[in-house]
Amino acid sequence: MDKALNRQKVLLQHLRPDSSLSSATQTHESSALSAEICAAGDSAAYHRTGSFGDDIVIVAAYRTAICKAKRGGFKDTLADDLLAPVLKAVIERTNLNPSEVGDIVVGTVLAPGSLRAMECRMAAFYAGFPDTVPIRTVNRQCSSGLQAVADVAAFIKAGYYDIGIAAGLECMTIDSMGSIQKINPKAEAFAQARDCLLPMGVTSENVAQRYGVTRQEQDQAAVESHRRAAAATASGKFKDEIVPVSTKIVDSKTGEERHVTISVDDGIRPNANMSDLAKLKPAFKSDGTTTAGNASQVSDGAGAVLLMKRSVAIQKGLPIFGVFRSFAAVGVDPAVMGVGPAAAIPVAVKSAGLELGDIDLFEINEAFASQYVYCQKKLELDSDKVNVNGGAIALGHPLGATGVRCVATLLNEMKRRGKDCRYGVISMCIGSGMGAAAVLERGDSVDELCNARTCS
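In what follows, the accompanying structure is described. Only a predicted model underlies this, so the values are computations on that prediction, with no experimental measurement involved.

Attention shifts here to helix H8 (residues 215-234). Look at H8: 29 Å from first C-alpha to last across 20 residues, which is about the 28 Å you get at 1.5 Å a residue. For H8, the complete set of buried residues consists of Arg215, Gln218, Asp219, Ala221, Ala222, Val223, Ser225, His226, Arg228, Ala229, Ala230 and Ala232. Looking at the buried side of H8, the elements it contacts are helix H7 (200-211), helix H9 (274-278), helix H12 (369-379) and helix H13 (392-395). In the stretch just after H8, glycine 236 is the one whose phi turns positive, near 80 degrees.

Written out as structure tokens, the structure reads:
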């Protein structure tokens, strides 16, 4: 807070009304300036009105539990039955009239696009949306959920609609990761095109080898991910973001159906330790360092985020959970695609008019411990600010849903920390060589700043 106020004092000094102006003019300009400064917070990149009416805000963010593919709680749950509960939670917990939603955008990766789009449309009907509300899918690999959030924010900003839902969905039990069936021979002549086809685990080994990330560093990151996720679960931190899902589990041997309600992530191993991880063999190279223990889990899960204009949220009396400040997607060398967050985060932070030191919390997807460790070291991040409640190594990585899951986890943690936490970043690497990142602001932080400055 002190840093923010000091910045504004400097800015006000530089923009102080000229002494040659009339007192009435000075008063008017000073009042207008005060409103503008408070609207912008300490970020000179933003020029808003005093009412913050053009802010794109998040008023709700929910997710299912994340379950182990083929073995976990959602192994017998169809995609539309996994998405519907989070969509339904959005409208029921906010008392939103579903007919007011301008669009639903769902990040999803593995299923054939047209088929998954139909399943998403079916899920919207199960959740209670009328046929007047459209829906579409988006696929930017591992950042698809975050891309859905960015798309909805951009469409609201552009004026296409005032209210939208961004969602994410992946059923890795049903839709396995595959490869291109017929590879263009031309790819052999283009090294980077050829590298787009590398298995993700191989790119993890490339990162470890090229940037000197050791097996011990990777295993330690995995142990810490499980420790933090287990602690967060034990203390009930995930309860506010997880929507319980009633489903069935079918015994693979007897065919017996058991009806259950899934509300806890089932991939966390509270007793993970260095000794046990050291016993695991490399999964992609005989002399490699990436194992099943220090890579993200293959998972099933879904999530949904409700966004709208700040003015609309205020009109409806909905709490401002978070503010969407910026988004960036960048390209990197496909052979080391895991470095994506190290490239994308600085771009997104700069776009928000901030510096890395302004960011209080980071959610960086732990696709592989190798790239997660590298990105932290490259950006010189304080580990106490990164994935404080664990990450994908412990929780799992349902590809299209991960970005939305991160929004829910980040904003809930920022809310718990209150005034000590204003800005957060979400980021992930992307298959074929990309990175994506977004900057979010805790919803009521700008209002607190204005109260401190006695804004009118």
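The discussion continues.
Here the focus is the environment of arginine 417. In this fold, arginine 417 is placed in helix H14 (residues 402-417). According to the relative accessible area criterion, arginine 417 is partly exposed, its value standing at 35%. In this structure the C-alpha to C-alpha distance between arginine 417 and arginine 442, which are 25 residues apart in sequence, comes to 9.8 Å. In this view, arginine 417 contacts Leu361 and Val388; residues no more than four positions away in its chain are not counted.

The next thing to look at is the nonpolar core. Of all hydrophobic cores here, the largest spans 55 residues; its most connected members are Leu87, Ile104 and Phe129. Top contributing element to this core by residue count: helix H3 (residues 79-94), with 9 residues. Other than its neighbours up to four places away in sequence, leucine 87 contacts Ile104, Ala123, Ala124, Ala127, Phe129, Ile165, Ala167 and Ala304. Among the nonpolar cores identified, the runner-up in size contains 35 residues, and Ala208, Val213, Val336 and Ala437 belong to it.

Definitions and cut-offs
- Residues numbered from 1 in each chain as written.
- Predicted model: local features only at pLDDT ≥ 70, side-chain atom pairs only at ≥ 80, totals over all residues.
- Heavy atoms only, no water.
- Helix = DSSP H or I, 4+ residues; strand = E, 2+ residues; numbered from the N terminus.
- Expected span 1.5 Å × (residues − 1).
- Buried < 20%, exposed > 50% of the residue type's maximum accessible area, 1.4 Å probe, protein only.
- Contact = heavy atoms within 4.5 Å.
- Core = buried A, V, L, I, M, F, W, Y, C linked by side-chain atoms within 4.5 Å.

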